[in-house]
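Coordinate analysis (summary)
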Amino acid sequence: MKRTFVFTLALVVSLTLFFAADYTSCTFAAEKDAEAEKAVLVKNLKKLPDDIKKEVADVVSPLDKAGPLVGIGIRFGPSRVADGKQVPVVVEVIKGKPAEKVGMLKGDKILAVNGKPFTTADAFIAEIRGDGKAGRVVTFEVDRNGTKMTMAAATAVLRSDKTAEAKKMREVVEKESVAHVAAVKNATDAIVKGLEDGSLSVKVFDGTNSTNPLLQAYDKVMTDYDSWAVSKSKEIDKLLAVE
């Protein structure tokens, strides 16, 4: 009887130690994962202000091409023809512009410009605009639902020179962006400080801490920035739109 009790006790102790060791191992792994997650979060938060600066640079980049815009008045995207080559396809014909006047239609695939086939947007645009002067006659080989045809259109000024206006807009956007970047940095710095000193958990971003004041502050500055960036993009698009 005594031998059985000793054996049973030894078994219980062994199992207890086994499960304790397994629990400790799992806990250590979980803590290690949490630390790794925190490190990634801190890294991303610290670089967010610089990411915002890059986004602002992207927002104002179209202003680099604010000079007179010459063309025939189409918007295009990529398409594929039967032989597998990618060619431009007309997605919009702007009313009152040369392309509409010569009968170009939405869906037309442009196989060649001035006898040259193109597979990149930049080369296609450059061939149409030429030296940038209006009145240059450009010929197009077009595939319309399997029927090939040739069209010729003279380029026209689609938008007057907006260089001066673009310069002023860039200055305004860049000046306003400084406040947004500073607000984002203040919000992210506060969260990083909490994560690093242990007063905040990575769970602050798991969606269950909507009342956390630091998270609320972060959400507000990011929402304000996003709204501002969208509005500025629309203003720039309007400035550079075809007239």
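Residues numbered from 1 in each chain as written. Predicted model: local features only at pLDDT ≥ 70, side-chain atom pairs only at ≥ 80, totals over all residues. Heavy atoms only, no water.

Some words on the overall build of the protein chain
Stated precisely, the cut-off is as follows: To qualify as a helix, a DSSP run of H or I must reach at least 4 residues; to qualify as a strand, a run of E must reach at least 2; elements of each kind are numbered from the N terminus. For every residue, the accessible area obtained with a 1.4 Å probe (protein chains only) is divided by the maximum for its type, and the residue is called buried under 20%, exposed over 50%, and partly exposed between those limits. Between two residues, a contact is recorded if the distance between any of their heavy atoms is within 4.5 Å. The Shrake-Rupley method, run with a 1.4 Å probe, gives the accessible areas here. Residue values count only the displayed protein chains as cover.
The secondary structure content of the protein chain amounts to five helices and seven strands. Along the protein chain, helices and strands appear, N-terminal first, in the series α-β-β-β-α-β-α-β-β-β-α-α. Counting all 243 residues of the protein chain, 31% fall into the buried class. Long-range pairs, those at least 24 residues apart, make up 63% of the contacts in the protein chain with a sequence separation of at least 6. Carbon and sulfur atoms make up 59% of the accessible area of the protein chain, which amounts to about 15,500 Å² in all.

Thoughts on the side chain of Glu 127
Filter applied, for reference: In protein, a polar contact requires one atom able to donate a hydrogen and another able to accept it; more generally it is a pair of N or O atoms within 3.5 Å, and residues adjacent in sequence count only if both atoms are side-chain atoms.
Among the structural elements, Glu 127 can be located in helix α3 (residues 121–129). Given a relative accessible area of 12%, Glu 127 falls into the buried group. A distance of 2.8 Å separates a polar atom in the side chain of Glu 127 from a polar atom in the side chain of Asn 114. Within the local environment of Glu 127, its side chain forms a polar contact with the side chain of Lys 116, the two groups lying 3.3 Å apart. Aside from chain neighbours lying at most four places away, what touches Glu 127 is Val 113, Asn 114, Lys 116, Phe 118 and Arg 136.

What to know about the environment of Asp 143
Examined against the element boundaries, Asp 143 turns out to sit in strand β5 (residues 137–144). Given a relative accessible area of 14%, Asp 143 falls into the buried group. Asp 143 sits 31 residues away from Ala 112 along the chain, and the two C-alpha atoms are 9.8 Å apart. A distance of 2.8 Å separates the side chain of Asp 143 from the backbone nitrogen of Gly 146, its partner in a polar contact.

Side note on the packing of helix α4 (residues 163–197) against helix α5 (residues 213–239)
Worth spelling out the cut-off: Here, axes are lines fitted to C-alpha atoms. For helices the fit covers the stretch in contact, and angles between N-to-C directions go from 0 to 180 degrees. Here the angle decides the label: under 35 degrees means roughly parallel, over 145 means roughly antiparallel, 65 to 115 means roughly perpendicular, and every other value means oblique. Helix crossings get a hand from a simple test, with the near helix turned counterclockwise from the far one by less than a right angle marking a left-handed crossing and a clockwise turn marking a right-handed one. Gly falls in the polar group here, along with every residue not listed as nonpolar (Ala, Val, Leu, Ile, Met, Phe, Trp, Tyr, Cys, Pro) or charged (Asp, Glu, Lys, Arg).
Two numbers describe how α4 lies on α5: the axes approach to 9 Å, and their chain directions differ by 165°. Our classification of the angle between α4 and α5 gives roughly antiparallel. Judged by the sense of rotation from one axis to the other, the crossing of α4 with α5 is left-handed. A breakdown of the residues in the contact of α4 with α5 according to their chemical character gives 18 nonpolar, three polar and five charged.

Quick notes on α4
Quick note on the threshold: Expected helix span is computed as 1.5 Å times (number of residues minus one).
Over its 35 residues, α4 extends 50 Å from the first C-alpha to the last, a length consistent with the 51 Å expected when each residue adds 1.5 Å. Of the residues one or two after α4, Gly 198 is the one with positive phi, at around 90°.

Description of the pattern of salt bridges
Keep this limit in mind: Between Lys or Arg on one side and Asp or Glu on the other, a salt bridge is scored when a side-chain nitrogen of the former is within 4 Å of a carboxyl oxygen of the latter.
As enumerated under the stated definition, the model contains 16 salt bridges in all. Lys 47 is paired through a salt bridge with Asp 51; the nearest N and O atoms lie 3.1 Å apart. Of the two residues, Lys 47 and Asp 51 both sit in helix α1 (residues 2–60), four residues apart, roughly one turn of that helix. Taking relative accessible area as the criterion, Asp 51 reaches 21% and is therefore assigned partly exposed. With a shortest N-O distance of 2.4 Å, Arg 170 and Asp 64 are connected by a salt bridge.

Spatial relationships are all this shows, so hold off on functional conclusions.
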